[in-house]
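Structural overview
Single-letter residue listing:
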Amino acid sequence: MLTIGILGLGEGRSTMSAALNSKKYKLKLVCDRNETVCQQRAKEFDFPYYTTDYQVMLDDKDIDVIAIYTPDHLHASHIKQALLHNKHVVCTKPFIDNLADAAELLELAARTGKKVFVGQSSRFFEPYKKQRADFSAGVIGELITVESHYNADHRWFLEKKWALEDSFKWLYGGLSHPVDFIRWYLPDIEEVMGYGMISSNGLKAGLRNEDTMHFIFRATDGRIARVSGAYTGPIQPASRESGMSCILRGTEGASQADYHELRYAVTTSAGEEKIITWGDATLKHYFRFEGQSHHAGEYQNYLEYFADSIEQDWVAYPDIREGIGTVALLQAMDKSLKTRVPVKIKEILDVYGL
Ligand SMILES: NC(=O)c1ccc[n+]([C@@H]2O[C@H](COP(=O)([O-])OP(=O)(O)OC[C@H]3O[C@@H](n4cnc5c(N)ncnc54)[C@H](O)[C@@H]3O)[C@@H](O)[C@H]2O)c1
């Protein structure tokens with residue numbers, strides 16, 4: 001069993017639930033600089049061990065793993081401090097929001113020998129797990145193309161102060177999910193282009209960066225993919241269009257995994273058409289709080305996968321290199337939004353000597 005500490009108790013609330021329900025972890029300490037949030041979580045989970053000072057968690061020799069859920073622009077410094085204190089690290093998506101920190105983090109991870117895992121929660125959600133297993137078993141033949149989107153009515157999110165800062169981008173906060181799907185199936189994306197805009201709802205709220213975006217990608221082997229996201233307006237009923245979907249089109253079949261309604265559809269190489277949904281027990285594992293916008297189930301799945309990788313000494317993916325690759329792609333996408341021309345990922349990596 002590993003001992004874990006959790007930093008940042010907004011989304012870290014779901015991680016507390018995940019760790020407290022897991023046989024592979026002992027939750028020792030949680031940290032948020034906002035004491036009111038600490039007190040709320042202490043009461044909710046009947047777990048009184050909190051601190052408002054990250055240093056206390058870093059100095060705790062019993063803690064093997066630190067799980068980080070602070071605002072995007074703070075991840076790099078929080079990961080760095082965890083590695084410097086010899087902790088294994090789980091960091092939520094987006095891994096970092098600027099490649100300027102990447103080389104140092106890679107060097108630190110190699111020097112300390114500690115494992116770094118990127119919490120790309122959607123990979124650990126039932127329909128996407130099933131889609132991946134079918135794909136790996138050859139159910140749809142060879143992959144032709146991937147299409148993915150993540151649309152959400154996140155107007156409520158704009159009440160958070162950091163959502164209206166220059167550093168906050170839906171490109172990183174939202175599109176990092178479908179972009180991770182693209183890289184899961186087509187790791188070697190060579191070039192990307194896209195358009196984006198701030199919607200009138202976003203402008204009114206004071207948003208600084210694009211909340212509506214469409215992108216296309218080209219891999220080194222010539223295959224193409226696309227990704228879209230819109231974050232500041234209503235979405236369609238989930239029974240018609242899941243907020244987040246990943247569609248794989250293969251030589252022998254096709255499949256679609258949907259986040260909302262936990263739905264998976266596949267046409268197999270044998271010509272069979274199936275639509276799969278999951279029952280109450282699975283729903284209860286994933287949706288422990290109000291609504292369907294929490295991720296405790298996915299977090300428990302990935303924390304346990306990461307625990308196995310530490311105990312059995314193998315690499316849990318996405319690891320630090322894959323995480324940095326996705327950030328490079330996001331940074332290329334950002335550049336394409338500004339220049340309105342295709343951007344090569346290598347150009348971005350070269351700038352940072354990666
Ligand atoms: N599916 C997912 O994986 C998923 C879903 C939602 C959010 N997230 C990620 O989780 C992260 C946090 O998002 P959120 O919605 O919880 O934001 P939030 O603002 O609600 O919570 C962040 C918390 O971090 C605390 N904090 C900030 N700096 C700190 C510091 N130096 N020391 C200790 N605590 C500090 C804040 O007080 C706050 O309570 C973001 O990176 C976001 O992208 C991931």
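Residues numbered from 1 in each chain as written. Predicted model: local features only at pLDDT ≥ 70, side-chain atom pairs only at ≥ 80, totals over all residues. Heavy atoms only, no water.

As recorded by an unreviewed UniProt entry, the chain carries the name Gfo/Idh/MocA family oxidoreductase and is attributed to Filimonas effusa.

**Description of the overall build of the chain**
Looking only at helices and strands, one finds 13 helices and 15 strands in the chain. Here the chain has a C-alpha radius of gyration of 20 Å; the compact-globule value for 354 residues is 20 Å, and the two agree. Taken over the C-alpha atoms alone, the chain extends approximately 55 × 45 × 45 Å along its principal axes. In the chain, of all internal contacts separated by at least 6 residues, the share reaching a separation of at least 24 is 68%. Accessible surface computed for the chain: about 15,600 Å², of which carbon and sulfur atoms make up 50%. Taking the average location of the 41 positive side-chain charges in the chain and that of its 48 negative ones, the two points are 1 Å from each other. (Helix = DSSP H or I, 4+ residues; strand = E, 2+ residues; numbered from the N terminus. Rg over C-alpha atoms; globule rule 2.2 N^0.38 Å. Contact = heavy atoms within 4.5 Å. Areas by Shrake-Rupley, 256 points an atom, 1.4 Å probe, with all protein chains shown as cover. Lys, Arg positive; Asp, Glu negative; His and termini not counted. Charge placed at Lys NZ, Arg CZ, Asp CG, Glu CD.)

**Here's the deal with the pairing of strand β2 (residues 25-31)**
Two faces belong to every sheet, and in a regular strand the side chains alternate between them. Taking burial as the measure, the seven residues of β2 include five buried ones, the bulk of the element. Of the strand pairs in this sheet, strand β1 (residues 2-7) and β2 are connected by six bridges, and their pairing is parallel. Bridging across to β2, Gly5 finds its partner in Leu29. At this point the chain moves from β1, through helix α1 (residues 12-20), to the parallel β2, and the crossover so formed is right-handed. Pairing between β2 and strand β3 (residues 50-51): two bridges, direction parallel. From the neighbouring strand, Cys31 faces β3, where its bridge partner is Thr51. This β-α-β element, β2 to helix α2 (residues 35-45) to β3, shows right-handed connectivity. (Buried < 20%, exposed > 50% of the residue type's maximum accessible area, 1.4 Å probe, protein only. Pairing = 2+ DSSP bridges. Right-handed = clockwise from strand over helix to strand, strands pointing away.)

**Some thoughts on the packing of helix α5 (residues 102-112) against helix α12 (residues 320-339)**
Axis angle and axis distance: for two packed helices, these are the angle between their axes and the distance between the axes, and together they describe the pair. In contact at an axis separation of 11 Å, α5 and α12 are set at 175° when each is read in the N-to-C sense. Our classification of the angle between α5 and α12 gives roughly antiparallel. In this structure, α5 contributes Ala102, Leu105, Leu106 and Ala109 to the contact, and α12 contributes Ile320, Arg321 and Ile324. Taken together, the residues of the contact of α5 with α12 sort by class into six nonpolar, no polar and one charged. (Axes fitted to C-alpha atoms, helices over the stretch in contact; angles between N-to-C directions. Parallel < 35°, antiparallel > 145°, perpendicular 65-115°, else oblique. Nonpolar A, V, L, I, M, F, W, Y, C, P; charged D, E, K, R; others polar.)

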